[in-house]
Amino acid sequence: DAGITQSPRHKVTETGTPVTLRCHQTENHRYMYWYRQDPGHGLRLIHYSYGVKDTDKGEVSDGYSVSRSKTEDFLLTLESATSSQTSVYFCAISREREVNYEQYFGPGTRLTVT
Amino acid sequence: AQKITQTQPGMFVQEKEAVTLDCTYDTSDPSYGLFWYKQPSSGEMIFLIYQGSYDQQNATEGRYSLNFQKARKSANLVISASQLGDSAMYFCAMRGPNYGGSQGNLIFGKGTKLSVKP
């Protein structure tokens, strides 16, 4: 258990509304990631963070923004949700104290945009 | 660019038998890491096993082993003595040479759905 929680776990929202997903970790890891999972695509990186206020884009960042004002929290915001953003969103941390830097994932948030 | 390919969308295996899940990768970096994750129907992503590009021995973790063939760029997962609880999606993933920042990100394959028959 890597001490990662995500909230909410499930959300249904309407097209055009803003949505914020929260990832919280309890182990003070530097690196945090947001992925989305869609059928036939595996997991794809949206944004990542390498420290407080240090973030960068991933493979599928269009339509998403992130913020990290505290080590323990990494927020993913959909400014104006679209149906194409219906997906399962996973947060992950990288355990840099482990030699392999493997990533551990939160439980996921299932987002439906109607 | 890095790429992971899993060519088996679905597989069946009899309980107690061994099964191999295929994974091939493409990268021009000499240093990289390869991972396997399990995703049961409950949805969580569970880290199974890791292989570094410079590791001399194939990685093993309990019933899981990674058949690493560097020249062929393959990193197949072998599950011995399959159990009903092994039924899940399995994802192969690769990390670039730097542990942090952009190179620390994982590139995932599309996954293989394993079904274990009693």
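Relevant structure appears above.
Each chain has its residues counted from 1, following the order in which its sequence is written. For naming, the first written chain is A and the first written ligand is 1, with later ones following in the order written. Reporting of local features is limited, given that this is a predicted model, to residues whose pLDDT is at least 70; pairs of side-chain atoms are given and counted only at 80 or more, and all residues count toward the totals for whole chains, interfaces and linings. Excluding hydrogens and water, the side-chain figures rest on all heavy atoms present in the structure.

1. With respect to the side chain of Ser53(B)
All names here are of chain B.
Piece 1. Along the polypeptide, serine 53 turns up in the loop between strand S6 (46–52) and strand S7 (60–61).
Piece 2. Think of it in three bands: residues with accessible area under 20% of the maximum for their type are buried, residues over 50% are exposed, and the middle band is partly exposed, with areas taken using a 1.4 Å probe on protein chains only. Take serine 53: its relative accessible area is 3%, and that puts it in the buried class.
Piece 3. Any N or O atom pair separated by 3.5 Å or less is treated as a polar contact, with the protein-specific requirement of one donor-capable and one acceptor-capable atom, and with residues adjacent in sequence counted only for side-chain atom pairs. At 3.1 Å, the side chain of serine 53 forms a polar contact with the backbone oxygen of proline 30.
Piece 4. Setting aside residues up to four positions removed in sequence, serine 53 forms contacts with Pro30, Ser31, Tyr32, Phe68 and Lys70. Runs of E in the DSSP output that reach at least two residues are strands. Runs of H or I that reach at least four are helices, and both are numbered from the N terminus. Only heavy atoms enter the contact rule, under which two residues are in contact if any of them lie within 4.5 Å.

2. Some remarks on the nonpolar core
Residue and element names in this part refer to chain B.
Piece 1. We call a set of buried Ala, Val, Leu, Ile, Met, Phe, Trp, Tyr and Cys residues a nonpolar core when their side-chain atoms join them within 4.5 Å. Trp36, Leu77, Tyr90 and Leu114 are the most contacted members of the largest nonpolar core, which has 25 residues in total.
Piece 2. Every element with two or more residues in this core is listed here: strand S2 (10–14), strand S3 (19–21), strand S5 (33–39), S6, strand S8 (64–69), strand S9 (74–79), strand S10 (88–95) and strand S12 (112–117).
Piece 3. When neighbours within four sequence positions are excluded, leucine 77 is seen to be in contact with Val19, Thr20, Leu21, Trp36, Leu48, Ile49, Tyr64, Ser65 and Tyr90.

3. A few points about the pairing of S6(B)
The two faces of a sheet get side chains in turn, since along a regular strand they alternate between them.
Residue and element names in this part refer to chain B.
Piece 1. Most of S6 sits out of view: five of its seven residues are buried.
Piece 2. At least two DSSP bridges between two strands are needed for those strands to be called paired. Of the pairings in the sheet, the one linking S5 to S6 comprises six bridges and is antiparallel in character. Residue pairing in the sheet places lysine 38 in a bridge with isoleucine 46 of S6.
Piece 3. Between S5 and S6, which pair antiparallel in sequence order, lie six residues; one of them, glycine 43, sits at a positive phi of approximately 105 degrees.

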